[in-house]
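Structural features, examined
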Amino acid sequence: MIIETLLTTLSADGTLNCAPMGVEWGDDQTIVIKPFVDTTTFRNLVATRAGVLNLTDDARLFALAVIHHPAAANPATVPAAVVRGAVLEAACSWREVEVVTVDDTPPRSRITTRVVHRGTRREFLGFNRARHAVLEAAILATRTHLLPVAELHADYARLQVIVDKTAGPAEREAMTLLTEYVSRRLAESRSA
């Protein structure tokens, strides 16, 4: 099963990276992370052999991380308990993981990790329809270079209806940020 997380990793010099990451959630002892080999996430996991998988119901954080918003580059965190890493203050719960094996076959690696600590800050309230729509929009925003433009526009229009019907202020803001980001990405690809 794929679970959507915000993965925090540190570089060798301690620089924080926060990236949305769908992970293969196994038996809650083994979690497989599959970053592309040309990403900061991959480099950090290989260099430090550790990361923190943050579970949150704050869909806005996913949007900020996807669009590389400055707030996502320096989110509020606390030190991890066991690994050299950072836990998002907005995390409902988290898993601190250590790297067991790395398959670095391009384009997407397969990094098997072992859970060495877990924590809970608050109850996970889940995703209402708007939060789910924002999460889907965030995933689509990472695939602007792969999807046909017409399909992307149709998906965003469908998701916007859900946000319009069921969102609170945070979800509306997140959807606006994602829509503007996708529009910029598509304009850049047309002019390239």
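Attention here is on the structure that accompanies the text. (Residues numbered from 1 in each chain as written. Predicted model: local features only at pLDDT ≥ 70, side-chain atom pairs only at ≥ 80, totals over all residues. Heavy atoms only, no water.)

Let us look at unusual backbone geometry. In the segment running from Pro 106 into Pro 107, the intervening peptide bond is cis, with an omega of 0°. In the Ramachandran plot, Asp 28 falls in the positive-phi region, its phi being about 70° despite a non-glycine side chain. On the secondary structure map, Asp 28 appears in the loop between strand 2 (16-25) and strand 3 (30-33). Even without a glycine there, the phi angle at Arg 49 is positive, about 65°. In this fold, Arg 49 is placed in the loop between helix 1 (40-48) and strand 4 (50-55). The exposure class of Arg 49 is partly exposed, given its relative accessible area of 35%. (Helix = DSSP H or I, 4+ residues; strand = E, 2+ residues; numbered from the N terminus. Buried < 20%, exposed > 50% of the residue type's maximum accessible area, 1.4 Å probe, protein only.)

Summed over all chains, the structure comprises nine salt bridges. A salt bridge links Asp 57 to Arg 122; its shortest N-O distance comes to 2.8 Å. Taken together, the residues span a long stretch of sequence, with Asp 57 in the loop between strand 4 and helix 2 (59-66) and Arg 122 in the loop between strand 8 (110-120) and helix 4 (129-141) at a distance of 65 residues. Given a relative accessible area of 4%, Asp 57 falls into the buried group. One salt bridge connects Glu 171 with Arg 131, and the closest N-O pair in it is separated by 3.0 Å. Remark: Arg 131 occurs in helix 4 and Glu 171 occurs in helix 6 (residues 169-191); sequence separation between them is 40 residues. (Salt bridge = Lys/Arg side-chain N within 4 Å of Asp/Glu carboxyl O.)

Further remarks concern the side chain of Asn 17. Looking at the element boundaries, Asn 17 is found in strand 2. At 3.0 Å, the side chain of Asn 17 and the side chain of Thr 41 are in polar contact. Not counting residues up to four positions away in its chain, the partners in contact with Asn 17 are Leu 7, Thr 8, Thr 9, Thr 40, Thr 41 and Asn 44. (Polar contact = N/O pair within 3.5 Å; in protein donor to acceptor, adjacent residues only side chain to side chain. Contact = heavy atoms within 4.5 Å.)

Another point: the pairing of strand 8. Pairing geometry for strand 3 and strand 8, over four bridges, is antiparallel. Opposite Val 32, over in strand 8, you have Thr 112 as the bridge partner. Hairpin connection from strand 7 (residues 93-103) to strand 8: six residues lie between these consecutive antiparallel strands. (Pairing = 2+ DSSP bridges.)

Before going further, it helps to spend a moment on the packing of helix 4 against helix 6. At a closest axis distance of 10 Å, the pairing of helix 4 and helix 6 adopts a crossing angle of 20°. As far as their axial angle goes, helix 6 and helix 4 are roughly parallel. Crossing of helix 4 against helix 6: the hand is left-handed. Contact with helix 4, carried on its side by Ala 130, Arg 131, Val 134, Ala 137, Ala 138 and Ala 141, involves Glu 171, Ala 174, Met 175, Leu 178, Tyr 181 and Val 182 of helix 6 and no other residues of that element. Residue composition of the contact of helix 4 with helix 6, by class: ten nonpolar, no polar and two charged. (Axes fitted to C-alpha atoms, helices over the stretch in contact; angles between N-to-C directions. Parallel < 35°, antiparallel > 145°, perpendicular 65-115°, else oblique. Left-handed = near helix turned anticlockwise from the far one by under 90°. Nonpolar A, V, L, I, M, F, W, Y, C, P; charged D, E, K, R; others polar.)

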